[in-house]
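Fold and contact review
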Amino acid sequence: MRAAGTVPADTEAWVVDRPGPVGGTRPGPLAWERRPVDAPGSQEILVEVEACGVCRTDLHLAEGDLVPKRARCTPGHEVVGQVVATGSAVEGFAIGDRAGVAWLARTCGTCTYCRSGCENLCPDSRYTGWDRHGGYAGHLTADARFAYPLPQSPPAEELAPLLCAGIIGYRALERAELPAGGLLGIYGFGASAHLTAQLALARGARVAVFTRAPAARQLALDLGAAFAGDSYDPSPEPLDAAILFAPVGEMVPPALAALDRGGTLAVAGIHLSDIPALDYQRHLFQERTLRSVTANTRADGLAYLAEAARTRPAVHVTRYPLRRAEEALADLAADRVNGVAVLLTE
């Protein structure tokens with residue numbers, strides 16, 4: 001059976017043309033092009049993009065820290081848009097619905113990890129904006145089983161960051177095992193961190209933020225953080241748990257040293273520079289734990305979106321037209337974005 005709905009002949013999109021530094025000599029790593037739009041497969045939806053969040057993972061892909069898995073791939077995995085066509089076997093979406101397309105695009109569904117509820121560890125997993133075209137475009141297709149139904153309000157630019165910055169922050173907070181009422185240390189304070197801080201505060205925790213950007217420190221205090229210092233400042237008191245959002249391996253030792261006995265440091269990024277040698281007594285002894293965070297499960301996404309709907313986090317958005325995606329990435333790389341950058345198609 002053919003897909004139901006209107007499938008445009010082509011769409012405008014950014015693609016990773018030549019990975020390298022953003023914001024430098026032209027041309028940059030991205031190229032703007034028109035490409036054909038394929039009708040969605042039986043389990044897919046075709047989404048007309050309203051907004052797409054700009055994630056640090058997109059920056060890693062553009063600059064070559066992450067090796068592209070698809071030639072001339074379109075970045076973007078915090079996508080909000082309207083369903084304009086559906087495959088013949090799609091359930092849960094109809095034409096005109098608002099959908100969210102996030103990082104996790106597909107898993108095998110049959111491996112040990114998928115069967116045990118750990119689909120984020122599936123060896124055959126696929127990702128939006130890395131394995132398949134993402135949301136720096138007018139349209140994209142997505143597996144409906146991995147997309148999220150979204151309400152028609154609030155505005156798309158406020159929903160888009162929840163789909164990665166919010167979800168991965170949720171999983172990182174779960175992995176950090178923060179005790180009730182405990183003190184959470186957050187290292188780096190960008191898109192994901194400013195949402196995670198609000199999630200922790202809503203749960204009754206206290207938050208201490210460590211970041212190099214003065215504007216980010218002020219935002220942290222405005223959101224309710226008990227402390228906001230520079231990246232390597234000592235903590236005012238031992239941390240019960242911590243999350244490292246900055247992709248800087250040199251921050252791992254001081255973050256571990258700031259933990260109280262039995263505390264956990266969760267590293268939230270997909271990319272991290274090299275970690276210096278650790279001193280067992282200072283950094284790991286007394287049952288301190290260092291653990292990574294790998295993507296998320298669909299259950300994480302649904303749980304976070306439900307919690308966000310109840311708590312309504314303040315999403316601090318810097319808006320860019322879609323055609324200014326390179327500028328948004330350059331601003332992100334230079335720490336000129338306070339909160340989250342979002343691309344808008346209109």
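Here, every reference points to the structure presented above.
Residues numbered from 1 in each chain as written. Predicted model: local features only at pLDDT ≥ 70, side-chain atom pairs only at ≥ 80, totals over all residues. Heavy atoms only, no water.

**Some points on the packing of aromatic side chains**
Heads up, the rule is: Two rings from Phe, Tyr or Trp (for Trp, the six-membered ring) form a pair when their centres sit within 6.5 Å of each other. Planes less than 30 degrees apart are called stacked, planes more than 60 degrees apart edge-to-face, and all others tilted. Think of it in three bands: with a 1.4 Å probe and only protein chains considered, a residue is buried below 20% of the maximum accessible area for its type, exposed above 50%, and partly exposed in between. A run of H or I in DSSP becomes a helix once it reaches four residues, and a run of E becomes a strand once it reaches two; helices and strands are each numbered from the N terminus.
Applying the stated rule across the entire model yields eight aromatic pairs. Both rings, one in tyrosine 127 and one in tryptophan 130, keep their centres 6.0 Å apart while their planes meet at 35°; by these two values the pair is tilted. Tyrosine 127 gets classed as buried once you look at its relative accessible area, which sits at 7%. With a relative accessible area of 13%, tryptophan 130 lands in the buried category. Between tyrosine 187 and phenylalanine 210, the ring centres sit 4.5 Å apart and the planes meet at 10°, which makes this aromatic pair stacked. Pair noted here: tyrosine 187 is in strand 11 (residues 183-187) and phenylalanine 210 is in strand 12 (residues 206-210), with a separation of 23 residues, a long-range link.

**Quick look at helix 6 (residues 214-223)**
Which entries qualify depends on this criterion: Here the arc refers to the set of directions running from the helix axis out to each C-beta atom. Residue contacts are defined here by distance: any two heavy atoms, one from each residue, within 4.5 Å place the two residues in contact.
Looking at helix 6, one finds that the buried residues are Ala216, Leu219, Ala220 and Leu223. Projected down its long axis, helix 6 shows its buried positions confined to an angular sector of 100°, all on one face. Residues of helix 6 that are exposed and point more than 90 degrees away from the buried face comprise Pro214 and Asp222. Considering only its buried residues, helix 6 is in contact with helix 5 (191-202), strand 12 and strand 13 (227-229). Trailing helix 6 by a residue or two, glycine 224 shows a phi angle of about 115°, which is positive.

**Description of the environment of proline 276**
The residue proline 276 is located in the loop between strand 15 (259-267) and helix 8 (280-284) in this model. Residues proline 276 and methionine 251, spaced 25 residues apart in sequence, show a C-alpha to C-alpha distance of 8.9 Å. Every residue in contact with proline 276, bar those within four places of it in the chain, is listed here: Gly249, Glu250 and Pro253.

**Some words on the packing of helix 1 (residues 56-63) against helix 10 (residues 325-333)**
The criterion, for reference: Every angle, taken between N-to-C directions, lies between 0 and 180 degrees, and every axis is a line fitted to C-alpha atoms, over only the stretch in contact when it is a helix. Angular relationships are summarised with four words: roughly parallel below 35 degrees, roughly antiparallel beyond 145, roughly perpendicular across 65 to 115, and oblique for the angles in between. Three residue categories are used. Nonpolar comprises Ala, Val, Leu, Ile, Met, Phe, Trp, Tyr, Cys and Pro, charged comprises Asp, Glu, Lys and Arg, and polar comprises the others, including Gly.
Interhelical geometry of helix 1 versus helix 10 gives an angle of 105° and a closest axis separation of 10 Å. One finds that helix 1 runs roughly perpendicular with respect to helix 10. The residues of helix 10 that touch helix 1, namely those facing Arg56, Asp58, Leu59 and Ala62, are Leu329, Leu332 and Ala333. In the contact of helix 1 with helix 10, the residues fall into five nonpolar, no polar and two charged.

**Thoughts on empty space enclosed by the protein**
The following threshold applies: Put simply, the grid is 1 Å and covers the protein atoms alone, a cavity is a trapped set of points that fit a 1.4 Å probe, a pocket is an open set with protein on both sides within 12 Å along at least five of seven lines, and lining residues have an atom within 4 Å of a point. Grid points are joined across faces, edges and corners, and a volume is the space filled by probe spheres set on the points.
Here the structure, examined in full by the defined rule, presents three cavities of 30 Å³ or more. The computed volume of the largest cavity comes to approximately 50 Å³. Every residue lining the largest cavity is listed: Val101, Ala102, Leu104, Ala105, Thr128, Arg132, His133, Thr141, Ala142, Asp143, Phe146 and Ala147. Secondary structure elements with two or more residues in the lining of the largest cavity: strand 7 (104-106) and strand 9 (139-143). Of all the elements, strand 9 adds the most residues to the lining of the largest cavity, at three residues. Residues belonging to the lining of the largest cavity are distributed by class as follows: seven nonpolar, three polar and two charged. Quantified by volume, the second largest cavity comes out at close to 40 Å³. When residues of the lining of the second largest cavity are assigned to their parent elements, the largest contribution, four residues, is made by helix 9 (residues 298-311). For the lining of the second largest cavity, a count of residues per class yields five nonpolar, two polar and one charged.

**What about a nonpolar patch on the surface?**
What counts here: Exposure above 30% relative accessible area and the lack of any salt bridge qualify a residue for a patch; like charges then connect within 9 Å, and the nonpolar side chains Val, Leu, Ile, Met, Phe, Trp and Tyr within 5 Å. With residues, only the protein chains shown are counted as cover, and all accessible areas are computed by Shrake-Rupley using a 1.4 Å probe. Between Lys or Arg on one side and Asp or Glu on the other, a salt bridge is scored when a side-chain nitrogen of the former is within 4 Å of a carboxyl oxygen of the latter.
Taken together, the side chains of Ile275, Leu278 and Leu290 present a nonpolar region at the surface, about 200 Å² in accessible area. By secondary structure assignment, the location of leucine 290 is in strand 16 (residues 289-292).

**Observations concerning helix 1**
For helix 1, the buried fraction is high: six of the eight residues fall into the buried class. Where the residues of helix 1 are buried, they touch strand 2 (10-16), strand 3 (30-36), strand 4 (44-54) and helix 10. One or two steps after helix 1, the chain reaches glycine 64, where phi turns positive at roughly 95°.

**A look at the pairing of strand 14 (residues 239-244)**
Basically, it comes down to this: Strand pairing follows a simple DSSP-based rule, namely that at least 2 bridges must link the two strands. Note on handedness: a crossover is taken as right-handed if, strands pointing away from the viewer, the path from the first strand over the helix to the second is clockwise.
Of all six residues in strand 14, five are buried; the element is thus mostly enclosed. Sheet topology note: the strand 11/strand 14 ladder contains four bridges and is parallel. Counterpart to tyrosine 187 in the pairing with strand 14 is leucine 244. In the sheet, strand 14 pairs with strand 15 via five bridges, with the strands oriented parallel. Residue alanine 242 lies in a different strand from strand 15, and its bridge partner there is leucine 265. On the question of chirality, the crossover connecting strand 14 to the parallel strand 15 by way of helix 7 (residues 252-257) is right-handed.

**A look at the nonpolar core**
The test is simple: The term nonpolar core refers to a set of buried residues drawn from Ala, Val, Leu, Ile, Met, Phe, Trp, Tyr and Cys, joined through side-chain atoms within 4.5 Å.
Core analysis: the biggest nonpolar cluster contains 49 residues, and Leu162, Leu184, Ile186, Phe189, Ile243 and Tyr304 have the highest contact counts within it. Broken down by element, this core gets its largest block of residues, seven residues, from helix 4 (residues 165-176). Discounting residues that sit within four places of it in the chain, isoleucine 186 has contacts with Ala193, Ala197, Val207, Ala208, Val209, Phe210, Ile243 and Phe245.

**Focus on the sheet that holds strand 12**
Sheet architecture is open: six strands sit in the order 13-12-11-14-15-16, paired in parallel fashion. Each edge of the open sheet carries a strand with a single partner, namely strand 13 and strand 16. Along the sheet, successive strands turn relative to each other by an average axial angle of 15°, direction set aside. Seen against the sheet, helix 6 touches strand 12 and strand 13 and runs at an angle of roughly 175° to strand 13.

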